[in-house]
Amino acid sequence: MTARNARRAQHPDIFTVRLDHPADTRTWRAATRRLDAAGVAPERIDWRIAGDDEPGLLPDMFAAAEQSWDSLPDAPARNVPGAFISLADKVLCHRAGDRFALAYRLYQRLRRTPALLSIASDDDVHRAHLLAKAVSRDAHKMKAFVRFREVAGPGPDDPAHFVAWFEPSHHTLDATAPFFMRRYAGQSWSILTPDRCAHWDGKALTMSAGVPKSAAPSGDPAEDLWRTYFASTFNPARLMVKAMTAEMPKKYWKNMPEASLIAPLIEGARGRHETMIDTAPQPAARTTRIRQSHQSAAEAIAQAPIHSLDDLARMGATCTRCPLHSNATQAVPGEGPADASLMLVGEQPGDHEDVAGLPFAGPAGQVLDDALSAAGIIRDRTFVTNAVKHFKHELRGRRRLHRTPDAGEVFHCSWWLDLERALLRPKLIIALGATAGRALTGQPVSIARSRGMVMPLDGQSDLLITTHPSAILRQPDRNKAEDMRQAFVEDLKIAKAAIAT
């Protein structure tokens with residue numbers, strides 16, 4: 001005896017619900033309303049899909065007891081949470097054999113427990129969410145990996161039709177087809193699957209029975225162009241095979257024209273990545289010109305006496321005291337009046353500053369300018385510099401990513417910072433960040449413990465330590481970033497009061 005016959009023998013008053021297709025949510029909803037209103041328990045319902053009767057079923061054995069759901073009186077829709085409607089629509093698209101019974105059981109249980117869906121530990125709720133998640137993922141894959149192929153119209157003047165073959169893991173075509181209808185509203189297309197097919201003629205969306213793969217076209221001339229585009233945009237520097245196969249599982253590759261390129265592109269990625277690094281245009285294309293322009297005068301400048309900040313800037317342009325000079329575009333000297341009573345020291349130049357040759361010329365500089373203005377400090381009356389004068393970075397493809405200078409690099413560059421301090425003799429120095437604090441004190445500093453306090457640095461200047469403006473830019477939470485900005489402004493106000501006394 002089959003499983004269905006065994007259940008009928010146990011419950012002879014079975015109600016049969018015949019669904020038109022595997023994701024027939026319309027019929028399920030109508031049947032559910034009537035069956036629930038009649039108080040029919042889940043185990044008394046036999047959910048069937050048209051044309052999919054179980055082999056060996058003996059309908060005549062229980063023909064007298066079998067009842068159709070539409071024999072029950074009509075019932076109005078019951079108020080249920082909107083979250084349940086969305087959840088049920090996805091559950092019904094899963095391939096699980098118990099999906100219709102599970103959704104019906106949840107519908108009935110919501111009458112007794114309105115907050116049922118919020119009980120994550122409930123077995124039915126947990127399973128429903130697992131099925132819904134799998135269906136959502138499958139719908140996403142369909143949107144990403146459907147590939148249409150052009151098929152000529154029946155006549156010479158008829159527009160082309162576009163056909164795609166796809167093998168979804170679940171019954172997601174009915175729910176996903178409207179996405180393609182909106183996206184390709186002006187084209188005529190069909191999406192063929194083994195279970196069901198969708199057709200759009202520019203005016204109406206229709207569905208039909210599933211077809212074998214042989215019914216789909218095998219290719220079109222545009223695919224060569226697509227493969228060329230795919231190969232040319234492949235970036236070996238960003239290749240992460242595990243992440244790629246998680247997002248684009250291999251089961252979809254067989255129906256994607258670009259799939260034939262994936263394996264060789266992965267295999268050659270390492271060599272291409274190394275070639276990109278070797279041949280990438282360096283900002284140091286300017287570095288070569290700068291070095292050449294200063295090389296002849298380098299020795300003379302090194303021997304020249306330093307009487308001013310301009311002398312120091314010219315001398316720093318040919319600095320080779322540490323390896324950082326070899327990859328940077330240029331040294332970035334301090335900027336500001338020689339009689340400034342306030343000196344601000346950052347960490348190092350960034351990408352913008354390295355190209356411009358000016359300190360705090362990029363996004364962090366804009367944050368600094370805004371904070372200085374809010375604190376009532378005029379930037380043009382301050383001297384702004386960095387603890388390290390060359391941009392330390394690493395290449396990622398064509399991008400230069402910031403790297404924090406280590407203690408040795410800070411030590412080598414402290415020679416320049418000390419000369420700036422000696423020439424300037426500021427009343428107060430603001431250390432923007434931990435690297436600047438270390439360069440000025442000679443030891444590691446804690447921003448959290450030291451910020452906002454004016455402390456003696458040496459016999460000539462006082463020191464105030466605060467955060468670096470770039471830390472505010474890196475904070476993803478807007479509220480926290482605003483709190484950081486306000487705290488930064490308060491520290492600058494303390495600095496303004498200190499130089500005014």
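Use the structure listed above.
No experiment lies behind these values; they were computed from the predicted model shown. Residue numbers here run from 1 along each chain, matching the order of that chain's written sequence. Per-residue local features are limited, in this predicted model, to residues with pLDDT of at least 70; the limit for side-chain atom pairs, both in listing and counting, is 80 or more; totals at the level of whole chains, interfaces and linings are taken over all residues. Based on all heavy atoms of the structure, the side-chain values leave hydrogens and waters out of the count.

Peer 1: Got a minute to help me understand the pattern of salt bridges in this structure?
Peer 2: Once the charged atoms of two side chains with opposite charge are near each other, the side chains can pair. What counts as a salt bridge is simple: a side-chain nitrogen of Lys or Arg found within 4 Å of a carboxyl oxygen of Asp or Glu. Summed over the entire model, instances satisfying the criterion amount to 25 salt bridges. Arg-109 is the partner of Asp-124 in a salt bridge, and the nearest nitrogen-oxygen pair spans 3.0 Å. Placement of Asp-124 in helix 5 (residues 123-145) and of Arg-109 in helix 4 (residues 99-112) is noted, with a sequence separation of 15 residues between them. Measuring nitrogen to oxygen at the nearest pair gives 2.8 Å for the salt bridge that ties Asp-369 to Arg-379. You can see Asp-369 sitting in helix 14 (residues 363-374) and its partner Arg-379 sitting in the loop between helix 14 and strand 10 (383-386), a full ten residues away along the chain. Exposure categories follow from relative accessible area, calculated using a 1.4 Å probe and restricted to protein chains: below 20% of the type maximum is buried, above 50% is exposed, and the middle band is partly exposed. Judged by its relative accessible area of 29%, Asp-369 is partly exposed. Its relative accessible area of 18% is what places Arg-379 among the buried residues. Put simply, Arg-105, Arg-109, Asp-122 and Asp-124 are held in one network by salt bridges that share partners. Strands here are runs of E lasting at least two residues and helices are runs of H or I lasting at least four, both read from the DSSP assignment and numbered beginning at the N terminus.

Peer 1: Help me understand the sheet that holds strand 2 (residues 45-49), please; the structure alone is not making it clear to me.
Peer 2: Strand pairs in the sheet, formed through backbone hydrogen bonds, run parallel or antiparallel to each other. Here the rule is simple: two strands pair whenever DSSP picks up at least two bridges between them. The strand order across the open sheet built from three strands is 2-1-3, with neighbouring strands paired in parallel fashion. At either margin of the open sheet sits one strand with a lone partner, and together these are strand 2 and strand 3 (67-68). Relative to strand 3, strand 1 (residues 15-19) runs parallel, the two being bridged by two bridges. By the bridge assignment for strand 3, Thr-16 is matched with Ser-68. The strands touched by helix 4 are strand 1 and strand 2; relative to strand 2, the strand with the most contacts, the crossing angle is about 135 degrees. Here, two residues are considered to be in contact whenever any of their heavy atoms come within 4.5 Å of each other. Here the axes come from fitting lines to C-alpha atoms, over the contacting stretch only for helices, and the angles between their N-to-C directions go from 0 to 180 degrees.

Peer 1: Got a minute to help me understand the packing of helix 14 against helix 19 (residues 478-500) in this structure?
Peer 2: Orientation of helix 14 relative to helix 19, taken along the N-to-C sense of each, is 55 degrees, at an axis distance of 8 Å. Considering their axes alone, helix 14 and helix 19 lie oblique with respect to each other. Of the two elements, helix 14 crosses helix 19, and the hand of that crossing is right-handed. Contacts from Leu-368, Ala-371, Leu-372 and Ala-374 of helix 14 reach helix 19 at Phe-488, Val-489, Leu-492 and Lys-493. Each residue is assigned to one of three groups, with Ala, Val, Leu, Ile, Met, Phe, Trp, Tyr, Cys and Pro labelled nonpolar, Asp, Glu, Lys and Arg labelled charged, and all others, Gly among them, labelled polar. Tallied by class, residues from the contact of helix 14 with helix 19 come to seven nonpolar, no polar and one charged. Note that the term roughly parallel is reserved for angles under 35 degrees, roughly antiparallel for angles over 145, roughly perpendicular for angles of 65 to 115, and oblique for everything else. Note on convention: near helix rotated counterclockwise from far helix by under a right angle means a left-handed crossing. Clockwise means right-handed.

Peer 1: Could you clarify how one ought to interpret the sheet that holds strand 8 (residues 205-209) in this entry?
Peer 2: Taking strand neighbours across the sheet as the criterion, the five strands line up as 4-5-6-7-8 in an open arrangement whose pairing is mixed. Single-partner strands in this sheet number two, and they are strand 4 (148-151) and strand 8. Adjacent strand axes in the sheet meet at a mean angle of 20 degrees when their direction is disregarded. Against the sheet, helix 6 (residues 173-183) touches strand 4, strand 6 (188-192), strand 7 (196-200) and strand 8, its axis set at about 20 degrees to strand 7.

Peer 1: Is there a simple way to think about empty space enclosed by the protein in this case?
Peer 2: One water molecule sets the probe size; rolling that probe over the atoms shows where empty space is left. Grid points spaced at 1 Å over the protein atoms alone were grouped into cavities, where a 1.4 Å probe fits but cannot get out, and pockets, open sets with protein on both sides within 12 Å along at least five of seven lines, with lining residues defined by an atom within 4 Å of a point. Grid points are joined across faces, edges and corners, and a volume is the space filled by probe spheres set on the points. Overall, the coordinates contain three cavities of 30 Å³ or more when judged by the stated rule. By volume, the largest cavity is sized at about 60 Å³. Lining the largest cavity are Pro-22, Ala-23, Pro-168, His-170, His-171, Thr-172, Leu-173, Asp-174, Thr-193, Asp-195 and Arg-196. Residues belonging to the lining of the largest cavity are distributed by class as follows: four nonpolar, four polar and three charged.

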